[in-house]
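# Coordinate inspection notes
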Amino acid sequence: MPDAAPTFEDVNERAKEDWKRDTTPFDRVRSVMRTAYEPMSAATVAEHALTSEQTARKHLRSLVDHGYVAETASPDSKGTLYQRANDSLALEQARRILDETDTETLSTRVLEMREELREYADRFGANSPDEAVRAHADIDTETLLEWRTTRRNLAFAEVALALSGVDDATGAAEAL
């Protein structure tokens, strides 16, 4: 008779064991921070990274020093919280965009998004979604979200274009 299928708990425990065996504590701490959406304490990072709090703190300090993670004060002022640094998020997203899109298409899309933002500004008499809200413009939640998303996507796309220029300049310099 075949063995019973493992329970989900057993599968999760096995995956944790494999992750711990196949990665370093630093890689696990970085992985936890890469997917963190809210600031976390070192103890929470340690728990998720399957390491000690002391080890997590050591690696978090290194990630802070390298600009990948940012420190922030805990609301109760009893400790430091850690979150992914905005710069590292922007660079990662820009790299992803460059991997998926050629610069000509990206340039065209940037122009389209700039035009979309001009249309929002004209329509609501404001330069930003927040300004429109403060001015009590008649704007629905969905439109507000679309405007904010377009602004965010434009920012990422512009960073990607800037990086492509750096990549092109670096490649040209190396070719000399």
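The rules we used
Residues numbered from 1 in each chain as written. Predicted model: local features only at pLDDT ≥ 70, side-chain atom pairs only at ≥ 80, totals over all residues. Heavy atoms only, no water. Pairing = 2+ DSSP bridges. Helix = DSSP H or I, 4+ residues; strand = E, 2+ residues; numbered from the N terminus. Core = buried A, V, L, I, M, F, W, Y, C linked by side-chain atoms within 4.5 Å. Buried < 20%, exposed > 50% of the residue type's maximum accessible area, 1.4 Å probe, protein only. Contact = heavy atoms within 4.5 Å. 1 Å grid on protein atoms, 1.4 Å probe; cavity = no way out; pocket = protein on both sides within 12 Å on 5 of 7 lines; lining within 4 Å. Points joined across faces, edges and corners; volume = space filled by probe spheres on them. Nonpolar A, V, L, I, M, F, W, Y, C, P; charged D, E, K, R; others polar. pLDDT = per-residue confidence, 0-100. Expected span 1.5 Å × (residues − 1). Arc of directions from axis to C-beta.

### A look at the sheet that holds strand β3 (residues 80-84)
The antiparallel open sheet is built from three strands, whose spatial order is β1-β3-β2. Whereas interior strands pair on both sides, the edge strands pair on one side only; in this sheet they are β1 (40-41) and β2 (69-73). Pairing between β1 and β3: two bridges, direction antiparallel. By the bridge assignment for β3, S41 is matched with L81.

### A few points about the nonpolar core
L106, F124, W147 and A160 are the most contacted members of the largest nonpolar core, which has 20 residues in total. Contributions of two or more residues to this core are made by α5 (86-100), α6 (103-124) and α8 (141-175). At seven residues, α8 tops the list of elements feeding residues into this core. Each residue touching W147, except ones within four places of it in the same chain, is listed here: L117, Y120, A121, F124, A126, N127, S128, P129, A132 and I139. In this structure, V32, A49, Y68 and Y82 belong to the second largest nonpolar core, which totals 15 residues.

### What about the layout of surface pockets?
In this structure, the largest pocket occupies an estimated 230 Å³ of space. For the largest pocket, the full set of lining residues is R34, T35, A36, Y37, E38, P39, Q83, R84, L89, E92 and R96. Mapped onto the lining of the largest pocket, the elements with two or more residues apiece are β3 and α5. It is α5 that provides the largest number of residues to the lining of the largest pocket, a total of three residues. Residue composition of the lining of the largest pocket, by class: four nonpolar, two polar and five charged.

### Things to note about the confidence of the model for the protein chain
Across the protein chain, pLDDT averages 88, with 89% of residues at or above 70. Predicted confidence for residues 172-176 stays below pLDDT 50, and this span has zero contacts to residues more than four positions away or in other chains.

### So, helix α4 (residues 53-65)
A rise of 1.5 Å per residue sets the reference length of α4, with its 13 residues, at 18 Å; its end C-alpha atoms lie 18 Å apart and thus fit the reference within 8%. The set of residues buried in α4 consists of A56, H59, L60 and L63. Taken end-on, α4 shows its buried residues confined to a sector of 105 degrees, consistent with a single buried face. α4 presents Q54 and D65 as exposed residues on the side facing more than 90 degrees away from its buried surface. For α4, the elements touching its buried residues are α2 (25-34), α3 (42-49), β2 and β3. Looking one or two residues beyond α4, the residue adopting positive phi is G67, at roughly 80 degrees.

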